[in-house]
Amino acid sequence: MKPAPFAYKKARAIEEAVALLGEQDARLLAGGQSLIATLNMRLSAPSLLIDINGIGGLDGIALKGGMVEIGALVRHAQAERSDAIAKSAPLLARALPHIGHPAIRNRGTLGGSIAFADPAAELPACLLALDGEVEATGPKGKRTIKAEDFFKGLFETALAPQEILTAIRLPAAGKDTRVGFAELARRHGDYAIVGLAASAEADGKGLKDVRLAYFGVGATAVRTKKEESALAKGDIDGAVVALDLDPPDDVQASGAVKKHLAGVLLRRVAKQLMEPA
Amino acid sequence: MTDTALDISLTINGERVSERVDARTTLVDFLRDGLSLTGSHVGCEHGVCGVCTVRVNGDIVRGCLMLAVQCDGATVETIEGLSDTGEIADLQAAFEQRNALQCGYCTPGILVAAQDLLKRAKENERVPSRNEIREHLSGNYCRCTGYQAIVDAVEAVAQARAGETK
Amino acid sequence: MKITDDSPSVLTALDRPNSYIGRSVPRPNLKRLTQGRGQYVSDITLPRMAHVAYVRSPHAHAKIKSIKKAEAEKAPGVIAVVTGAELAKVMTPWVGVLTHLKGLKSAPQHAIAVDRACWQGEAVCAVVARTRAQAEDACELIEIAYEELPAVTDPETALDAKTPVIQPSLGDNLCFERKLDAGKVDEAFAASDAVVETTFVFGRHTGVTTEPRAVVADWNEGEQRMTVYHGTQAPHMMQDLFAKHLNLRHDQVRVLTKDVGGSFGIKVHTYADEMATVALSKLIKRPVKFVADRIESFVTDIHARDHRVRAKIGVKKDGTITAFEIDDLTGIGPYSVYPRTSGIEANQVVNLTGGPYTCPNYRAQARVVFTNKNVMCQYRAVGHPIAVAVTEGLVELAAAKIGMDPLELRRRNLFADDAYPAQSAAGLKFEKLSHHESLAHLDAMMNYAGLRAEQKRLRAQGIYRGIGFASFIEVTNPSAAFYGVGGARITSQDGATLKLDAQGNISVHSGVTEQGQGAEAVMAQVAASAFGVPIERVRVVTGDTDNTPYGGGTWASRAAGIGGEAAWQAGKALRDNVLAVAGAMLQAKPETLDIRNGTVVDVASGAERLPLEELARVAYFRPDTLPSGVQAELMATRHYVPRAWPFAFTNGIQASYLEVDIDTGFVKLLKHWCVEDCGTIINPQLVDEQIRGGIVQGIGAALFEQCLYDERGQMLNGNMADYLVPMAAEMPDIECGHVVSPTADSELGAKGAGEAGTAGAPACVMNAINDALRPLGAEPLTDMPFTPGKILRALGKV
């Protein structure tokens with residue numbers, strides 16, 4: 001399958017990309033690992049592709065004021081090999097090897113993954129579980145969008161039509177940070193049938209600030225707040241029983257199967273949360 | 001000004017190439033149709049099967065999920081280049097000896113991906129386990145071999161290369 | 001794990017025995033493939049070559065009311081836009097029937113649908129353009145008015161009175177029906193101590209060859225000749241069909257096949273879009289290339305294995321199987337595929353069920369019904385995966401029911417190794433099989449007792465591992481009984497021509513073809529051994545109807561057994577011809593001479609007398625020095641067809657060891673074994689690799705693969721992300737063992753081995769899963785693929 005014809009422009013600065021987004025039916029090209037597949041299958045036929053890979057300053061990983069700031073163009077592979085991510089964003093470090101395969105991770109970007117918001121993807125769930133935030137740059141400048149406000153619907157985010165996701169910010173892990181990650185996929189690297197990204201803070205022998213974000217269970221990654229409080233109380237069985245998910249069926253699994261698997265993942269991740277990150 | 005066809009200059013297997021390409025032409029189609037480098041193959045055009053795997057600026061990528069125009073100024077290496085420089089001679093010999101290829105269609109992609117694993121492992125002074133080899137190649141579809149001979153071949157080469165540092 | 005030198009010994013110039021038979025020689029054609037210098041059809045470009053893209057029906061069943069193509073014809077790069085009606089003037093339709101499948105019926109099928117589209121994905125219009133991208137752009141400009149018709153999508157109700165008949169000229173939706181009744185089945189069931197009855201369901205599959213189907217057709221108007229570069233398994237068959245449907249003579253058609261990126265039976269069939277591509281080339285008098293992309297492959301490559309089998313087994317307390325009974329229903333597409341027909345798979349299911357066992361009581365019924373889904377036809381191991389899963393599934397359920405070890409129950413029922421010649425209840429004739437020796441070999445190889453002990457120990461810890469087996473027989477080396485007797489122009493014979501060149505090297509021209517299984521290597525090994533040269537001096541030519549003897553190609557595991565025998569005989573014949581000349585040159589009787597290592601030698605002493613290079617030099621350039629009356633004939637052609645046995649049956653047994661995660665329903669494959677008896681083994685490494693590849697394909701069937709359709713006949717998962725093929729991380733290591741029972745129907749004694757892995761793997765993985773879950777009281781799983789959801793439901797967790 002060959003894409004429908006489109007024009008191509010390599011943007012030199014973010015302002016240029018923002019302006020071009022407003023001019024015509026355009027899509028942003030970052031990693032391209034999702035976009036080019038949809039173009040090849042003619043599921044999408046924009047008239048213009050705006051390549052933002054050449055815009056400087058968007059591929060850094062830095063610690064700033066207790067936050068890890070990750071530029072939108074940081075590649076998954078780059079993040080996988082980053083000591084800063086391993087140390088300060090251990091949840092991401094656990095999630096990244098599950099994203100596709102090495103050739104995909106060499107091109108795919110963290111910003112692209114978050115902005116694309118595939119409901120079966122790992123990183124949106126990690127962002128939710130860490131209560132992170134997204135920096136968006138538009139015609140009126142930059143703004144910050146909190147994770148819980150970012151994912152609106154199926155492949156739909158709070159980004160305005162002319163906004164570009166330029167950075168992701170996560171609270172840097174501390175000595176009491178606990179993380180857990182598990183996903184179930186039929187084959188290594190496949191989209192998960194269901195997955196769970198979780199974070200918490202150690203609180204004596206227990207946990208506080210538990211955040212659970214499931215993916216593969218609906219139109220977006222979701223926090224399951226009832227389970228979070230049950231887990232914080234140490235009540236794993238209660239958390240599983242209270243599992244507030246009603247996933248729809250898809251080609252890989254029925255909603256009932258996904259819900260059951262979500263419960264299994266909860267037990268496994270709960271164990272991980274009891275160990276230091 | 002935006003164009004549907006652009007001029008690009010890049011290095012392919014050490015050779016400087018300048019061509020005009022349609023914006024919509026993928027890297028692998030440019031290599032195969034534009035430059036007759038048919039060693040890289042097309043299998044799915046949605047990034048899943050891995051037979052289009054090539055190296056861009058030293059990293060393995062899916063040739064079907066990059067546009068040729070994105071490679072302006074880049075260094076691209078295909079199976080022909082990796083083969084002619086001798087970089088993967090030991091891998092090729094191991095594959096031939098162990099019949100780690102049957103129809104050969106997935107083989108260039110697998111060789112490029114395997115070489116990536118072995119290079120990184122050597123840099124980290126490690127010999128990858130069979131499970132690690134299987135995981136690294138988990139994005140390369142082979143319908144003929146059932147994978148075992150491929151894993152055997154890559155493992156043997158990994159051990160041989162590690163032996164050389166001693 | 002440190003690998004020492006466990007790779008097969010490579011022959012060097014010094015270390016070379018006389019024969020390559022039984023040696024694991026690396027394949028000579030591998031270097032070009034590892035260098036990326038293969039020549040696949042999808043690589044070929046010709047001067048003025050155009051590309052075709054097909055507009056495909058989005059509906060499972062619809063009348064084509066009108067096609068507006070004016071806009072498309074004006075689009076950039078477009079050369080022609082051709083409808084089914086227009087192409088029908090160039091190419092005649094075909095009907096996929098065989099007379100020996102009594103009652104098999106099917107309607108004529110055109111290269112491009114004419115009035116009606118009968119499955120989602122059927123081509124309804126062709127766009128020929130300078131590039132594939134331009135052709136696809138123009139496809140979007142074609143306006144087609146469809147009138148949707150009701151789609152028949154449920155095989156269970158396809159024959160109901162109120163279900164629409166897809167092909168009115170046929171009267172109903174029944175393609176083929178077969179019944180068999182052997183022995184006294186009802187009495188046998190009545191006399192049983194235990195009866196197990198269940199229903200097996202097999203998901204529709206497709207081959208997913210890494211290189212999609214590809215064809216480049218080149219009609220040369222000046223030569224009045226059609227050259228087709230085709231990724232086909234059977235070039236001569238396609239030559240015949242292209243000629244027939246374009247009203248050309250055979251000699252006006254040349255089919256060329258070099259490298260093929262995987263086939264497995266997918267590429268042995270006649271595809272409407274490939275036929276259309278050839279017709280288009282004749283129409284526009286230019287080369288036309290068609291490469292199916294992956295999305296269209298999923299809805300047009302033949303599907304297979306869509307069967308529902310109600311099955312029953314009776315058994316006595318002492319383990320004697322008393323009877324088998326099956327009722328098989330399969331829903332194919334709207335046409336029986338041409339020319340091999342879509343009745344063969346069900347026919348094989350009837351033939352092969354119960355095959356390894358002596359039980360004489362067997363009743364079977366099979367019905368093949370038309371539906372408005374993609375067409376179905378032969379795919380690796382045709383029918384065997386179903387027959388073996390049904391048989392072996394029943395056997396292990398019966399063993400469980402009477403509390404007998406599953407291997408022991410098999411021992412009590414498999415044909416004895418000295419029982420031959422023998423015949424199965426279905427009438428299959430066996431020359432010599434080795435079920436018991438194979439079983440004993442497997443038992444030892446896998447340390448069965450040790451695994452059972454480990455299984456027991458782990459169960460106590462809440463870890464559920466399973467061991468499952470599958471005994472099987474396998475059809476190889478088919479005679480004309482398979483297709484020829486039914487009127488198909490599919491040849492079961494094959495030929496090889498050996499030529500000595502002016503430097504004393506040989507070429508082997510063979511009618512079998514290579515798709516990666518190593519047919520070229522096998523021909524080289526056989527020819528080198530028969531003739532007497534090192535393998536480096538042998539070049540193999542296949543896949544060219546102009547330059548090989550008329551042959552059948554590669555399918556039904558025939559290349560080594562049939563193609564190899566022809567090469568063997570031709571090798572001996574050429575040797576005789578060469579020794580006749582050598583005798584004249586050396587003043588010696590030819591019977592005192594031999595050719596070894598490329599030199600004419602004295603048989604008795606082994607002394608070297610005359611290098612082949614010298615013989616060739618004299619024969620070609622100095623025939624004036626030969627005695628008068630001596631004419632060197634440095635070419636020999638021999639043909640071979642099996643005559644004593646309709647099929648050379650092979651046998652084998654496989655085992656799967658796996659672990660089921662009872663929380664998630666995920667299956668982890670720990671190890672797999674296969675003992676295979678394929679007669680004389682020409683290249684052990686190639687046989688083992690065929691088995692491994694075949695097993696993994698069978699694992700795909702058991703755990704991962706299914707073409708999912710909705711009730712409207714829309715395929716739901718036609719892409720590589722949603723149709724799951726086995727990938728490296730989930731596959732086990734596979735250990736192979738062998739027993740050798742050569743066939744006496746040829747000198748080489750080689751049978752086939754290409755499909756055995758696929759035949760047995762789904763059955764033993766199924767049996768292993770059920771073995772793992774049995775202590776938990778789970779209802780046995782018999783509905784493939786065994787997804788986590790199905791396993792969780794069987795465990796009552798969902």
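Residues numbered from 1 in each chain as written. Chains lettered and ligands numbered in written order. Predicted model: local features only at pLDDT ≥ 70, side-chain atom pairs only at ≥ 80, totals over all residues. Heavy atoms only, no water.

This next bit is on the overall build of chain C. On a plain count of helices and strands, chain C comes out with 19 helices and 30 strands. Against the globule reference of 28 Å for 798 residues, chain C gives a C-alpha radius of gyration of 28 Å, in line with a compact fold. Projected onto its principal axes, the C-alpha coordinates of chain C cover approximately 85 × 70 × 50 Å. Partitioning the contacts of chain C with sequence separation of at least 6, the portion at a separation of at least 24 is 80%. Carbon and sulfur atoms make up 50% of the accessible area of chain C, which amounts to about 26100 Å² in all. (Helix = DSSP H or I, 4+ residues; strand = E, 2+ residues; numbered from the N terminus. Rg over C-alpha atoms; globule rule 2.2 N^0.38 Å. Contact = heavy atoms within 4.5 Å. Areas by Shrake-Rupley, 256 points an atom, 1.4 Å probe, with all protein chains shown as cover.)

Residue and element names in this part refer to chain C. Entries for chain C in the domain assignment read domain 1 (30-38 + 493-640), domain 2 (41-149 + 212-260 + 266-300) and domain 3 (381-476 + 646-794). Centre-to-centre, using C-alpha coordinates, domain 1 lies 39 Å away from domain 2. A combined buried area of about 1500 Å² lies between domain 1 and domain 2, and 45% of that area is made up of carbon and sulfur atoms. Among the residues domain 1 hides against domain 2, the three largest losses belong to Gln515, Thr545 and Tyr550. Together they make up 36% of the total. (Domains from an automatic or database assignment. Buried area = accessible area lost by both parts, 1.4 Å probe.)

Moving on to the interface of chain A and chain B. At the junction of the two partners, chain A supplies 32 residues and chain B supplies 28 residues. Roughly 2600 Å² is buried in total at the junction of chain A and chain B, and carbon and sulfur atoms are behind 58% of that figure. With a closest N to O distance of 2.8 Å, aspartate 29 of chain B and lysine 2 of chain A form a salt bridge. Put simply, chain A and chain B have 10 residue pairs in polar contact (both at pLDDT 80 or more) between them. Looking at the side of chain A that touches chain B, the elements that each hand over two or more residues are strand S1 (7-10), helix H2 (35-40), strand S3 (48-51) and helix H6 (102-105) of chain A. (Salt bridge = Lys/Arg side-chain N within 4 Å of Asp/Glu carboxyl O. Polar contact = N/O pair within 3.5 Å; in protein donor to acceptor, adjacent residues only side chain to side chain.)

Right, let's talk about the domain arrangement of chain A for a bit. Domain boundaries in chain A define domain 1 (7-51), domain 2 (61-171) and domain 3 (177-274). Of note, the centres of domain 1 of chain A and domain 3 of chain A, computed from C-alpha atoms alone, are 35 Å apart.

Residues and elements named next belong to chain C. At a closest axis distance of 11 Å, the pairing of helix H6 (residues 235-246) and helix H7 (residues 272-284) adopts a crossing angle of 55 degrees. Here H6 lies oblique to H7, going by the angle between them. In the packing of H6 onto H7, the handedness of the crossing is right-handed. Contact residues: Met238, Leu241, Phe242, His245 and Leu246 in H6; Met275, Val278, Ala279 and Lys282 in H7. (Axes fitted to C-alpha atoms, helices over the stretch in contact; angles between N-to-C directions. Parallel < 35°, antiparallel > 145°, perpendicular 65-115°, else oblique. Left-handed = near helix turned anticlockwise from the far one by under 90°.)

Here we come to the pattern of salt bridges. In total, this model carries 90 salt bridges over all chains according to the counting rule given. Between aspartate 43 of chain C and arginine 32 of chain B there is a salt bridge, and its shortest N-O distance comes to 2.9 Å. You can see aspartate 43 of chain C sitting in the loop between helix H1 (30-34) and strand S1 (50-56) and its partner arginine 32 of chain B sitting in helix H1 (residues 27-34), one on each of two chains. The exposure class assigned to arginine 32 of chain B is buried, which follows from its relative accessible area of 8%. Across the salt bridge formed by arginine 465 of chain C and glutamate 454 of chain C, the nearest N and O atoms sit 3.2 Å from each other. Highlighted residues: arginine 465 of chain C in strand S20 (residues 464-474) and glutamate 454 of chain C in helix H13 (residues 448-459), separated in sequence by 11 residues. Using a relative accessible area of 17% as the deciding quantity, one classes arginine 465 of chain C as buried. Using a relative accessible area of 26% as the deciding quantity, one classes glutamate 454 of chain C as partly exposed. (Buried < 20%, exposed > 50% of the residue type's maximum accessible area, 1.4 Å probe, protein only.)

Moving on, we get to the sheet that holds S1 of chain A. Picture the strands of a sheet paired through backbone hydrogen bonds; they go either parallel or antiparallel. Residue and element names in this part refer to chain A. Sheet architecture is open: three strands sit in the order S1-S3-S2, paired in parallel fashion. The open sheet terminates on both sides in strands that have one partner only, identified here as S1 and strand S2 (26-29). Between one strand axis and the next, the sheet turns by 25 degrees as a mean value, whatever way the strands run. When S2 meets S3, the two strands line up parallel, connected through four bridges. Bridged to arginine 27 within S3 is leucine 49. (Pairing = 2+ DSSP bridges.)

On to the side chain of glutamine 348 of chain C, then. Looking at the element boundaries, glutamine 348 of chain C is found in helix H9 (residues 344-352). Those residues in contact with glutamine 348 of chain C that lie beyond four places of it in its chain are Val382, Gly383, His384, Val475 and Phe482 of chain C.

Of all hydrophobic cores here, the largest spans 230 residues; its most connected members are Phe95 and Val154 of chain B together with Leu703 and Ile769 of chain C. Beyond its immediate chain neighbours, meaning those up to four positions away, isoleucine 769 of chain C contacts Leu658, Val660, Val667, Leu703, Leu781, Phe786 and Ile791 of chain C. Trp568, Leu579, Ala616 and Tyr640 of chain C belong to the second-largest nonpolar core, a separate cluster that totals 54 residues. (Core = buried A, V, L, I, M, F, W, Y, C linked by side-chain atoms within 4.5 Å.)

The partner chain B presents 48 residues to the 60 residues of chain C that form the contact. In total, chain C and chain B occlude about 4500 Å² of area from one another, counting both sides; carbon and sulfur atoms represent 51% of this. For the pair chain C and chain B, the number of links is seven salt bridges. Scanning the region where chain C abuts chain B turns up 31 residue pairs in polar contact (both at pLDDT 80 or more). Among the elements that take part in the side of chain C that touches chain B, helix H17 (residues 684-704) of chain C stands out by supplying eight residues, more than any other. Along the lines of polarity and charge, the residues of the side of chain C that touches chain B split into 27 nonpolar, 19 polar and 14 charged. (Nonpolar A, V, L, I, M, F, W, Y, C, P; charged D, E, K, R; others polar.)

The next point concerns the sheet that holds strand S25 (residues 599-602) of chain C. Residue and element names in this part refer to chain C. The sheet built from three strands is open, its strands ordered S24-S25-S26 with antiparallel pairing. Looking at the sheet topology across the chains shown, the edges are occupied by strand S24 (593-596) and strand S26 (608-611). Neighbour to neighbour, the strand axes of the sheet diverge by 30 degrees on average, direction disregarded. Strand direction decides the pairing type here: S24 and S25, joined by four bridges, are antiparallel. Bridge assignment links leucine 593 to a residue of S25, and that residue is aspartate 602.

Let us now look at the side chain of arginine 132 of chain C. In this structure, arginine 132 of chain C sits in helix H4 (residues 132-139). Here the side chain of arginine 132 of chain C touches valine 291 of chain C through a polar contact of 3.0 Å, landing on its backbone oxygen. Contact partners of arginine 132 of chain C, with chain neighbours within four places excluded, come to Lys2 of chain A together with His51, Val52, Ala53, Phe290, Val291, Asp293 and Glu296 of chain C.

Here we take up helix H12 (residues 435-446) of chain C. All names here are of chain C. Here H12 contains 12 residues, and its C-alpha end-to-end distance of 16 Å stays within 8% of the 16 Å for a straight helix at 1.5 Å per residue. Those residues of H12 that sit buried are His435, Ser438, Leu439, Leu442, Met445 and Met446. The buried residues of H12 occupy an angular sector of 130 degrees when the element is viewed end-on, so they sit on one face. Where H12 ends, the next residue or the one after it, asparagine 447, has phi of about 55 degrees, a positive value. (Expected span 1.5 Å × (residues − 1). Arc of directions from axis to C-beta.)

Residues and elements named next belong to chain C. Chain-level pLDDT for chain C is 96 on average; 98% of the residues reach the 70-or-more range. In this model, residues 1-17 is a region of pLDDT below 50 whose contacts with residues beyond four sequence positions or in other chains number 26 contacts. Under the prediction, the complex receives an ipTM of 0.97, its pTM being 0.97. (pLDDT = per-residue confidence, 0-100.)

The next subject is helix H15 (residues 559-586) of chain C. With 28 residues, H15 of chain C should cover 40 Å at 1.5 Å per step; its first-to-last C-alpha distance of 38 Å lies within 8% of that length. Within H15 of chain C, 21 of the 28 residues are buried, leaving the element largely enclosed by the surrounding structure.

Residues and elements named next belong to chain B. Where burial is concerned, the two faces of strand S3 (residues 53-56) agree: the one with Thr53 and Arg55 and the one with Val54 and Val56 are both buried. Judged from the four bridges that link them, S3 and strand S4 (residues 59-62) form a sheet pairing that is antiparallel. Note that in S4 the partner of threonine 53 across the bridge is arginine 62. The antiparallel hairpin formed by S3 and S4 contains two residues in its connecting segment, where asparagine 57 sits at a positive phi of about 50 degrees. Sheet topology note: the S3/strand S5 (residues 75-77) ladder contains two bridges and is antiparallel. Across the sheet, the residue bridging to arginine 55 is glutamate 77, located in S5.

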